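Structural characterization, general
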Amino acid sequence: MAEAADFPGMHPSPARRWLRRTGALLAGAPLLAGLLQLPAQAAGPSDAKDSSDAGTVAVAVDSLTPAAPGDGDTVTVSGTVTNNGKQAVTDAHVGLSVGSPLTTRSAIDSAADHADALPADGTEVGGKYVAEFTKLTPGVAEHFTIAVPVDKLDLDKDGVYPLSVTLSGETSARQWEQVLGVQRTFLPWQPDTADTRTRTTVLWPLTSGVHMTAETGSNAQQTPVFLNDDLAREIAPGGRLDQLLSLGRALDVTWVIDPDLLASVDAMTGSYRIRGEGDTPTAGTRQAVAKQWLADLQSAVTGKEVVALPFADPDLASLAHNGTGVTGSLNQLQAATDVAATTVETVLHVTPNTDFAWPVEGAVDPSIVKVATSAGADKVIARSDSLTDGDLSYTPSAARPIGGGTTAVVADARLSTVFQGDLTRASATTLAVQEFLAQSLELNLQTDKQRSIVVAPQRMQTASQARALSQALTTLQTGTWSQSQPLTAAAKAKPDPRASTRVPSNKSYPTALRKQQLPRSAFEQMAETQEELDNFKVILAREARVVTPFGRAINREMSTSWRGHSTAASTFRQSVRAYLDTLTGQVKLIDKSDTKLSGRSATIPVTVQNNLVQGVDHLILRLTSTNPTRLEIDGDDYAEQRITVSGGHTSTVKFPTSANVNGQTRVIAQLYTEDGQKYGQAVAFEVKVTEITATVMLVIGGGVLLLVLAGFRMYTQRKRAAARATEEPDEARETGEAGSGAAGEPAAGQENPGDAEDHTGEKSGVPTGPDAPQQPSDGTPDTAAESADPSGTGERVDR
């Protein structure tokens, strides 16, 4: 039976159609493969590319002069070629080729991103303008230099031309000439002065890390203490900051300076110490270097615009995102701003501009702008990769009004970031310089309308980065398409109405930058340190000796330089707090042992010690009884006394107490500031009250009574003896006198009851006889002897 598809008017089923098409494709596959191989077989060996050899030779362009040639110039390219392959390269040469002009800034970005990608741009100049090598041995770098007149490069209209430096040669595997390596760079061509030149502002940051501690010496000069000797190495001849200063003074730039750097170097001009690794700081010895660097800087900035950052360059983004919720954090920014201008004026003798705030890498959001302007700045230095312009076909001027009277000065991201990274190699520097000049020229060619552009490089430039930027600026500022202007002029330039003024949201802040921010805990630590400092300063006779170094140390805790160094930042914060604790601990109460009180009232002494070099005042000492029912302090549950203690001394005060009940009571001594804040640790001790009991009083009373009775008995006996002596016959008295040999002394064998201690005048050393002086206790010589008989009625009895 025939298939339905074979009959007229009938259509095959979908499955049938699929089978037929599949069979046709399978049948034609060999033919198609043969057709595809024909072009490859027809191509000559010189057009083939050996993937194992292409790109095996590294080409490095170490210099290109002049960087922006003019009419009649000769372009000289120098560098090295290195065979990184396993086979030797023979019959090799280095040549130059120039491609068509790049018409957009994005095209320059793309070419820079693929600087060593094959194939090369344009046609090789050739001829005698090549550098030839008979053989390139693997692993060996060979130097080359090619000099070619600019008119041989076929540069036509003004613009940026891609310049390819290529290495061509043969290998044993591929014995025909092929391009084995390329290095692409840029050749800006603007031989005549442009009708409209771009006004270019270049910031020249002069910043460093944190170097000074909160510690100072106890002498009158308050000798500062540094963390290490790194700053001395930076400002020494050949150091990073020394090179930045030397390079910047030859350029037309706006200096952006951290006042903390100036304060630190200025501190080094006198006596200073270095903490180092030991417990005892060592003396610093770089005073001459510090003085010379400051003198050179004063000369360099004379007549130039100087912008002062807040002291220690606070991290505005960290403060905005993590610090505003902590009480007092914005006050720290205000303090850092207030001291900035004074510091710069004092050290450099110039008046700086303090109207600019500069967040890290120019990244902004509404919270950053709010914080940046909270301390008085009304201009924020942003960057175009943060405040983008969308589909605008040209680069607008830097100034943008963003509301609230604030102007965003938007630096160009391409020009500002081209010198980041490792530029220690000459080839990397050359590529960065040529890319910078290419972007600048292309920007100027975008429109015939004059614009103001700002270049804001990384705030902590390395010496190699600064050298590369300086090299580019030297060409730019003597070139034909740009003219310099200060930052304040760029901020005042008429804004482009088409430029974006919308500040990106908080969520758009770059994640990489957010990870480097100071955490909230850091700002909480700063607040705690500030609170302790506030409590401490009110008791000091000379608070500036403590407030100034610690205030600046807290500013340093907020520094932008801590980004990427979180451990070091935490260590610094802890060291500041620990040193403050040490100082506050020098004013304290002396520990007191338990005390016993015998009686209902007594005084309790409490001693305050001051081991600081300065006196303390405005302190209140409070002594509190935890059981006033048992023990009262000055008639109440507590008493207070004002304390003043000279430096290096102690002071003891006494509190009157009264006991109501026997027993033990806990008493607490605590220092307070005048505003009622506790100061230091409390001292607690036990007071045991022991009253005089009734039994003790009875025993004492009995003893007193016995003494009185004994005295009365002695008195009575003496009176009776005197009376008997009066009644004796005269002859007996004469016999007694002859026997005794001394008047008033008892006869032998008799005892004088009136002499309890000395029985004779001889023993006592007192003269006797009729002429002896009379004592109040002596009997009257002419008194009759008392009768031993009982007294009669009415007779007087001596008792």
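A short tour of the structure in this document, coming up.

Calculation notes
- Residues numbered from 1 in each chain as written.
- Predicted model: local features only at pLDDT ≥ 70, side-chain atom pairs only at ≥ 80, totals over all residues.
- Heavy atoms only, no water.
- Helix = DSSP H or I, 4+ residues; strand = E, 2+ residues; numbered from the N terminus.
- Buried < 20%, exposed > 50% of the residue type's maximum accessible area, 1.4 Å probe, protein only.
- Contact = heavy atoms within 4.5 Å.
- Expected span 1.5 Å × (residues − 1).
- 1 Å grid on protein atoms, 1.4 Å probe; cavity = no way out; pocket = protein on both sides within 12 Å on 5 of 7 lines; lining within 4 Å.
- Points joined across faces, edges and corners; volume = space filled by probe spheres on them.
- Nonpolar A, V, L, I, M, F, W, Y, C, P; charged D, E, K, R; others polar.
- Pairing = 2+ DSSP bridges.
- Axes fitted to C-alpha atoms, helices over the stretch in contact; angles between N-to-C directions.
- Phe/Tyr/Trp six-rings, centres within 6.5 Å; stacked < 30°, edge-to-face > 60°.

Each helix and strand in the protein chain was counted, giving 20 helices and 30 strands. Counting across all 799 residues of the protein chain, residues that qualify as buried make up 44%. Here the contacts in the protein chain between residues at least 6 apart in sequence split such that 77% fall between residues at least 24 apart.

The subject of this paragraph is helix 16 (residues 544–557). Compared with the 20 Å implied by 1.5 Å per residue over 14 residues, the 20 Å span of helix 16 between its first and last C-alpha is a close match. When we look at burial in helix 16, the residues that qualify are Arg545, Val546, Pro549, Phe550, Gly551, Arg552, Ala553, Ile554, Asn555, Arg556 and Glu557. Its buried side turned inward, helix 16 meets strand 10 (212–216), helix 5 (259–268), helix 8 (329–348), helix 15 (520–537) and helix 17 (566–584).

We now examine empty space enclosed by the protein. For the structure on display, the rule yields 5 cavities of 30 Å³ or more. By volume, the largest cavity is sized at about 130 Å³. Lining the largest cavity we find 17 residues, and of these Leu309, Pro310, Thr337, Phe356 and Ala357 sit closest to its centre. Elements represented by at least two residues in the lining of the largest cavity include exactly helix 8 and strand 16 (356–357). Taken together, the residues of the lining of the largest cavity break down into 13 nonpolar, 2 polar and 2 charged. Estimates place the volume of the second largest cavity at around 40 Å³.

What follows is about the sheet that holds strand 26 (residues 631–633). Strands in a sheet are paired, the pairing made by backbone hydrogen bonds, and the direction either parallel or antiparallel. Read across the open sheet, the 4 strands follow the order 22-24-28-26; overall the sheet is antiparallel. Both edges of this open sheet fall to strand 22 (587–589) and strand 26, since each of them pairs with a single strand only. Each neighbouring strand pair of the sheet contributes to a mean axis angle of 30°, computed without reference to strand direction.

Turning to the packing of aromatic side chains, a few remarks are in order. Throughout the structure, instances matching the rule amount to 5 aromatic pairs. Ring geometry for Phe419 versus Phe436: centroids 5.4 Å apart, planes at 45°, classification tilted. Residue Phe419 is found in the loop between helix 10 (413–417) and helix 11 (426–445), and its partner Phe436 is found in helix 11; the two are separated by 17 residues along the sequence. Residue Phe419 is classed as buried on the basis of its relative accessible area, which comes to 3%. When its relative accessible area of 1% is taken as the criterion, Phe436 is described as buried. Taking 6.4 Å as the distance between ring centres and 20° as the angle between the ring planes, the aromatic pair formed by Phe536 and Tyr679 counts as stacked. Of the two residues, Phe536 is situated in helix 15 and Tyr679 in strand 30 (residues 678–690); the sequence distance between them amounts to 143 residues. On the accessibility criterion, Phe536 (1% relative accessible area) is buried.

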